[in-house]
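A structural walkthrough
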Amino acid sequence: MEQRDATTKEPIDYGILAVGVLSVTYNCLLAFINHNITPLASSHVALSEILLLIYSFGFLLKRGLYEEDLAPLGYLLATIFLTVYVIAVNRAGYIDHLRNVLIIFAFVIMGRWTNERTLKLIFKICSIVVLAVLICEIVSVQAYVALFHPAEYFENTRGVPRATYSDIGLFRGALGFPSRFSFGIIDHRSSSIFLEQVSLANFCGVLVIYLVSFSNRLRLFDRLLLVFTVLLILITNDTRTMLIFSMACLGGYFIFPWIPKICDLLMMPMIIVMGFVIHAFRPDAHEDDFVGRISGTIRNIIAMDIPAALGLELEKATTFVDSGYVYITYGATIFGLILFWLFVSFFPAGKTPNQKRLAHSLSLFMFLNLMIGSTAIFSMKTAGLVWLLVGFLKVDESVRGKDAAGKVGISVSA
């Protein structure tokens, strides 16, 4: 109780609070502007992310980089080298993977500097906003569309045409189809403030990770808020992957502290091997379901050749939006995939029970998602919060105070 009372007296870092909340909510704010103030384009979306990253890097430069930041800094520098190499050999501009790693770098180091009160407030605000808009979407989809006009927003900013078989105004991917897995609560896949169903599903996964690794440090109201938000997303978004992930983490809360940290390194190859086993039983599965997505990823892995693994076929990268392992390899070479694997496996701390819960749930979340998707886990809308949490739990609180005062750590910047 003494530690919990102490955390309430910590000052709120409003800069980190603003970046954390805006990283989740900027899309719906842009959608509101797009319909009610002025039409937007893809450049406005990119500019929004760039401004958030610029502020984050300005914050980091002001605080300085320390010895604890050398691993993410090394990961970023190695990714810059691979990006330059891929651009040079293909004579084409491509910075998607570099952008993904910039988000990881910025948020994981900001997490080291944030305090517990600020972190809890970020998750609380984001959860309340997502839940409120989700309830609005469930109760009246017409009111939800009137607020954000998702189809119009994605048509203007992503070039995604509106669905020809529906004029309700939802993003076409959220409309689903009759044979898809569903709890039948609503007649489409919920999207809330994200305006599309995939990001909401992954936000659900982030909340599960937060609950698993942080629930014993939360007040009862916050735990109930998060649990209710997760449950409502699961039964309205119809996400099979996050349903499986959530069930695994429910048992994992008790099991993860007993599992050695080295198992995180084995998580990715184990999931890939399981994918090959599933593909062996269903080699011709092409349906848009869990088995079909896995089988498709394995087919794409088998089809890769040495030039593809070395980043010499960049033009094919964007065709693998449902095969994350292949998507990273084509865009950042096999070495980019290996670097991501090693960073996810080794960077999160694994000493305390909560750190182990975070490390194991993070590895499962990332490597399972790469089997059935690609870009969603790297989006600032969901990646920002999870890496902020990783950075926070990476540093022991007894060291955190000394480090923030400059008594621990080796500065590598002015």
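Residues numbered from 1 in each chain as written. Predicted model: local features only at pLDDT ≥ 70, side-chain atom pairs only at ≥ 80, totals over all residues. Heavy atoms only, no water.

An unreviewed UniProt entry annotates the protein chain as Polymerase of Rhizobium mongolense.

1. So, the overall build of the protein chain
Within the protein chain one finds 18 helices and zero strands. Against the compact-globule benchmark of 22 Å for 414 residues, the protein chain has a radius of gyration of 21 Å, which places it among compact chains. Dimensions of the protein chain along its principal axes, counting C-alpha atoms only, are 60 × 50 × 45 Å. Taking all 414 residues of the protein chain together, the buried fraction comes to 54%. As presented, the protein chain carries roughly 18000 Å² of accessible surface, and 69% of it is formed by carbon and sulfur atoms. (Helix = DSSP H or I, 4+ residues; strand = E, 2+ residues; numbered from the N terminus. Rg over C-alpha atoms; globule rule 2.2 N^0.38 Å. Buried < 20%, exposed > 50% of the residue type's maximum accessible area, 1.4 Å probe, protein only. Areas by Shrake-Rupley, 256 points an atom, 1.4 Å probe, with all protein chains shown as cover.)

2. Observations concerning helix 4 (residues 70-90)
Note: α-helices contain 3.6 residues per turn, so residues at a spacing of three or four share the same orientation. Between its terminal C-alpha atoms helix 4 stretches 30 Å, which fits the 30 Å expected from 21 residues at 1.5 Å a residue. Residues of helix 4 that are buried: Pro72, Leu73, Tyr75, Leu76, Thr79, Leu82, Thr83, Val86 and Asn90. Looking at the buried side of helix 4, the elements it contacts are helix 5 (96-113) and helix 15 (324-346). Downstream of helix 4 by one or two residues, arginine 91 has phi in the positive range, about 50°. (Expected span 1.5 Å × (residues − 1). Contact = heavy atoms within 4.5 Å.)

3. Describing the packing of aromatic side chains
Both the distance between ring centres and the angle between the ring planes are used here to describe each pair of aromatic rings. If you walk through the whole model with that rule in mind, you get 17 aromatic pairs. Seen from their ring centres, tyrosine 66 and tryptophan 113 are 5.7 Å apart, and the 65° between their planes marks the pair as edge-to-face. You can see tyrosine 66 sitting in the loop between helix 3 (42-63) and helix 4 and its partner tryptophan 113 sitting in helix 5, a full 47 residues away along the chain. Looking at tyrosine 66, the relative accessible area reads 11%, which means it is buried. Residue tryptophan 113 is classed as buried on the basis of its relative accessible area of 10%. Between phenylalanine 123 and tyrosine 210, the aromatic rings sit 3.8 Å apart at their centres with planes inclined by 5°, giving stacked as the arrangement. Residue phenylalanine 123 is located in helix 6 (residues 116-139), and its partner tyrosine 210 is located in helix 9 (residues 197-214); the two are separated by 87 residues in the primary sequence. Across the pair, exposure class does not vary: phenylalanine 123 and tyrosine 210 are buried alike. Cluster of aromatic residues (ring-pair linked, three or more members): Tyr75, Phe343, Phe347 and Trp387. Over the ring of tyrosine 253 we find arginine 357, and its NZ or CZ is 3.9 Å from the ring centre. (Phe/Tyr/Trp six-rings, centres within 6.5 Å; stacked < 30°, edge-to-face > 60°. Lys NZ or Arg CZ within 6 Å of the ring centre and 35° of its normal.)

4. Describing the side chain of asparagine 100
Residue placement: asparagine 100 occurs in helix 5. A residue is classified by how much of its surface remains accessible, and asparagine 100, at 3% relative accessible area, is buried. If near-sequence neighbours (up to four positions away) are discounted, asparagine 100 is found in contact with Tyr327 and Phe378.

5. Brief notes about the pattern of salt bridges
For the coordinates displayed, the defined rule picks out ten salt bridges. A salt bridge links arginine 99 to glutamate 49; its shortest N-O distance comes to 2.9 Å. With arginine 99 in helix 5 and glutamate 49 in helix 3, this pair connects stretches of sequence that are 50 residues apart. The salt bridge partner of lysine 316 is glutamate 313, with a shortest N-O separation of 3.3 Å. You can call lysine 316 partly exposed: its relative accessible area is 36%. If you follow the salt bridges from partner to partner, you end up with Glu116, Lys120 and Arg217 in one network. (Salt bridge = Lys/Arg side-chain N within 4 Å of Asp/Glu carboxyl O.)

6. Section: the environment of isoleucine 233
Tracing the sequence through the fold places isoleucine 233 in helix 10 (residues 220-237). The exposure class of isoleucine 233 is buried, given its relative accessible area of 0%. Taking C-alpha positions, isoleucine 233 is 26 Å from glycine 111, a pair spaced 122 residues apart along the chain.

7. So, the packing of helix 12 (residues 263-281) against helix 13 (residues 290-303)
A pair of packed helices is captured by two measures, namely the crossing angle of their axes and the spacing between those axes. In the contact formed by helix 12 and helix 13, the axes pass within 9 Å of each other and the chain directions differ by 105°. The orientation of helix 12 with respect to helix 13, classified from their angle, is roughly perpendicular. Residues Ile272, Gly275, Phe276, Ile278 and His279 of helix 12 form the contact with helix 13, whose participating residues are Val291, Ile294, Ser295, Ile298, Arg299, Ile301 and Ile302. Classifying every residue of the contact of helix 12 with helix 13 by side-chain character gives eight nonpolar, three polar and one charged. (Axes fitted to C-alpha atoms, helices over the stretch in contact; angles between N-to-C directions. Parallel < 35°, antiparallel > 145°, perpendicular 65-115°, else oblique. Nonpolar A, V, L, I, M, F, W, Y, C, P; charged D, E, K, R; others polar.)

8. Points about unusual backbone geometry
For arginine 91, which is not glycine, the phi dihedral falls at a positive 50°. Looking at the element boundaries, arginine 91 is found in the loop between helix 4 and helix 5. By relative accessible area, which is 80% here, arginine 91 ends up exposed. The residue threonine 333 is not glycine, and still its phi comes out positive at about 70°. By the secondary structure assignment, threonine 333 is in helix 15.

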